[in-house]
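This is what each chain is made of:
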Amino acid sequence: MKHCLYSFRRCPYAMRARLAIAYSGQSVQLREIILKEKPAEMLALSSKGTVPVLALQSDEVLDESLDIMGWALSLNDPDQWLSGNIHAMLALIDENDFEFKGWLDRYKYADRFPEYEESYYREQCEDFLIQLEQRLANSDYLFSEKLSLADIAIFPFIRQFAAVDQTWFQQAPYPHLQKWLDSLINASLFKSIMQKYPTWLTSQTEHTFP
Ligand SMILES: N[C@@H](CCC(=O)N[C@@H](CS)C(=O)NCC(=O)O)C(=O)O
């Protein structure tokens, strides 16, 4: 049995895991799930019930997207995504995952958080966007002129932010961020990991990914 990845196409955490797996040339069996109907097989591996979950051939289970990225990159990192200030990269990813993401969810589902207007949640998100814009005004990517772990781990969330109100995002004062996002979304690597797979049900076969 090959490594097995439980994934959900539109989840930004699953996207970063699939990006690292595809980039590093690993091959896994992909099980596309529905978040509302998590398969018992996945919950038996990781009871916290989040995707992505990677069950390795060795029986080890990785149920955090950054651990899956780390696993893939430790096997093969042809363009040195891990080179540079890894502590600073992890700190920025942490800010993405634990601060920006919370505001992003409120902005995206503002009707479920009626305490404030949508624009308030968007402004809270902008603290992070301003920081990224400043970095990208200085270099093509977040940490240097080269793509790194941080760009890959963060851009799926900025893509989600941009999609909430594309008209607003396109006219917002973040030209470097817009260009960066555009180039990452249009890269063949991203296109390859956004291929659609039918939902996995116990009776169906998995799909080799990528
Ligand atoms: N810290 C986890 C977060 C993963 C996560 O929250 N994934 C979301 C989907 S984007 C999820 O599975 N949520 C559970 C649910 O919606 O039931 C990671 O980095 O892998």
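What counts, and where the lines are drawn
- Sequence positions are assigned chain by chain, starting from 1 and proceeding in written order.
- Given that the model is predicted, a residue must reach a pLDDT of at least 70 before its local features are reported, and side-chain atom pairs must reach 80 or more before they are shown or counted; all residues, however, enter totals for whole chains, interfaces and linings.
- Each side-chain value is derived from all of the structure's non-hydrogen atoms; neither hydrogens nor water enter the calculation.
- Salt bridge criterion: a side-chain nitrogen from Lys or Arg within 4 Å of a carboxyl oxygen from Asp or Glu.
- The helix and strand labels rest on DSSP assignments: H or I over at least four residues marks a helix, E over at least two residues marks a strand, and numbering proceeds from the N terminus.
- Categorising residues by exposure relies on relative accessible area from a 1.4 Å probe, with only protein chains included: less than 20% of the type maximum marks a residue as buried, more than 50% marks it as exposed, and the intermediate range marks it as partly exposed.
- Any helix carries an expected span of 1.5 Å times its number of residues minus one.
- One axis is fitted to the seven residues ending at the residue and one to the seven starting there. The bend at that residue is the angle between these axes.
- The contact rule is simple, with two residues in contact once any of their heavy atoms fall within 4.5 Å.
- Polar contact is defined as a pair of N or O atoms within 3.5 Å, subject to the rule that within protein one atom must be able to donate a hydrogen and the other to accept it, and that residues adjacent in sequence are counted only when both atoms are side-chain atoms.
- As annotated, the domain borders come from an automatic or database domain assignment.
- Buried area is understood as the total, over both parts, of accessible area removed when two parts are fitted together, assessed with a 1.4 Å probe.
- Just so you know the grouping, Ala, Val, Leu, Ile, Met, Phe, Trp, Tyr, Cys and Pro go in nonpolar, Asp, Glu, Lys and Arg go in charged, and all remaining residues, Gly too, go in polar.
- Only heavy atoms are used to decide nearness, and a residue is near a molecule or strand if one of them lies within 4 Å of it.
- Each accessible area is a Shrake-Rupley estimate made with a 1.4 Å probe; only the visible protein chains count as cover when residues are assessed.
- Cavities and pockets are found on a 1 Å grid laid over the protein atoms alone: a cavity is a set of points where a 1.4 Å probe fits but cannot escape, a pocket is an open set with protein on both sides within 12 Å along at least five of seven lines, and a lining residue has an atom within 4 Å of such a point.
- A cavity or pocket is said to hold a molecule if more than half of that molecule's atoms lie within 2 Å of its grid points.
- Whether two strands pair depends on DSSP finding at least two bridges between them.
- With its strands directed away from the observer, a crossover is right-handed exactly when the path from the first strand over the helix to the second travels clockwise.

Trainee: Could you give an account of the pattern of salt bridges, with specific residues and numbers?
Mentor: Summed over the entire model, instances satisfying the criterion amount to 3 salt bridges. With a closest N to O distance of 2.7 Å, Arg16 and Asp97 form a salt bridge. Taken together, the residues span a long stretch of sequence, with Arg16 in helix H1 (residues 12-23) and Asp97 in helix H4 (residues 86-108) at a distance of 81 residues. Assessed through its relative accessible area of 12%, Asp97 is described here as buried. The shortest N-O distance in the salt bridge between Lys101 and Asp105 comes to 2.8 Å. Taken together, the positions of Lys101 and Asp105, both in helix H4 and 4 residues apart, correspond to about one turn of that helix.

Trainee: I'd love a proper account of helix H5 (residues 118-138), names of residues and values included.
Mentor: Under the 1.5 Å per step criterion, the end-to-end length of H5 is 30 Å for 21 residues, consistent within 8% with the ideal 30 Å. The principal kink in H5, of about 30 degrees, is found at Asp127. Considered for burial, the residues of H5 that qualify are Tyr121, Arg122, Cys125, Glu126, Phe128, Leu129, Leu132, Glu133 and Leu136. Buried positions along H5 lie against H4, helix H6 (149-164), helix H7 (166-171) and helix H8 (175-185).

Trainee: Explain the side chain of Asn96 residue by residue, including any values.
Mentor: Among the structural elements, Asn96 can be located in helix H4. Polar contacts involving the side chain of Asn96 include one to the side chain of Asp97, which spans 2.8 Å.

Trainee: Help me get a handle on the domain arrangement of the chain, residues and values and all.
Mentor: The parts lose accessible area when they come together, and the size of an interface is often stated as this lost area. Partitioning the chain into domains gives domain 1 (4-79 + 190-209) and domain 2 (86-187). Listed by partner, the interface residues are 13 residues for domain 1 and 17 residues for domain 2. Buried surface at the junction of domain 1 and domain 2, summed over both partners, amounts to about 1300 Å²; 64% is from carbon and sulfur atoms. Sorting the residues of domain 1 by area buried against domain 2 places Pro12, Arg16 and Phe190 first, and these three jointly supply 41% of that buried surface. Taken together, domain 1 and domain 2 are joined by 1 salt bridge. For the side of domain 1 that touches domain 2, the secondary structure elements donating two or more residues are H1, helix H3 (65-75) and helix H9 (188-193). Per-class residue counts for the side of domain 1 that touches domain 2 are 9 nonpolar, no polar and 4 charged.

Trainee: Give me the lowdown on the site of the ligand, citing residues and values where you can.
Mentor: Surrounding the ligand, one finds Cys11, Pro12, Tyr13, Leu35, Lys38, Gly49, Thr50, Val51, Pro52, Asp63, Glu64 and Ser65. Within the contact set of the ligand, an oxygen atom lies 2.6 Å away from a side-chain nitrogen or oxygen of Ser65. In the complex, the protein chains occlude 73% of the 510 Å² of accessible area that the ligand would expose alone. A majority-of-atoms criterion places the ligand in the largest pocket.

Trainee: I'd like to hear about the pairing of strand S2 (residues 28-32), residue by residue, with values.
Mentor: Judged by how many residues are buried, S2 sits mostly within the fold: 5 of 5 residues are covered. Residues Val28, Leu30 and Glu32 point to one face of S2 and Gln29 and Arg31 to the other, with burial holding for every one of them. Inspection of the sheet shows strand S1 (residues 4-7) paired to S2 by 4 bridges, in the parallel sense. Bridge assignment links Leu5 to a residue of S2, and that residue is Leu30. Between the parallel elements S1 and S2, the chain passes through H1 in a crossover that is right-handed.

Trainee: Mind laying out unusual backbone geometry, listing which residues take part and the relevant values?
Mentor: The omega torsion across Val51 and Pro52 is 5 degrees, close enough to zero to call that bond cis. Within the fold, Pro52 resides in the loop between helix H2 (40-45) and strand S3 (53-55). Residue Pro210 follows Phe209 across a cis peptide bond; omega there is -5 degrees. Examined against the element boundaries, Pro210 turns out to sit in the segment after strand S5 (207-209).

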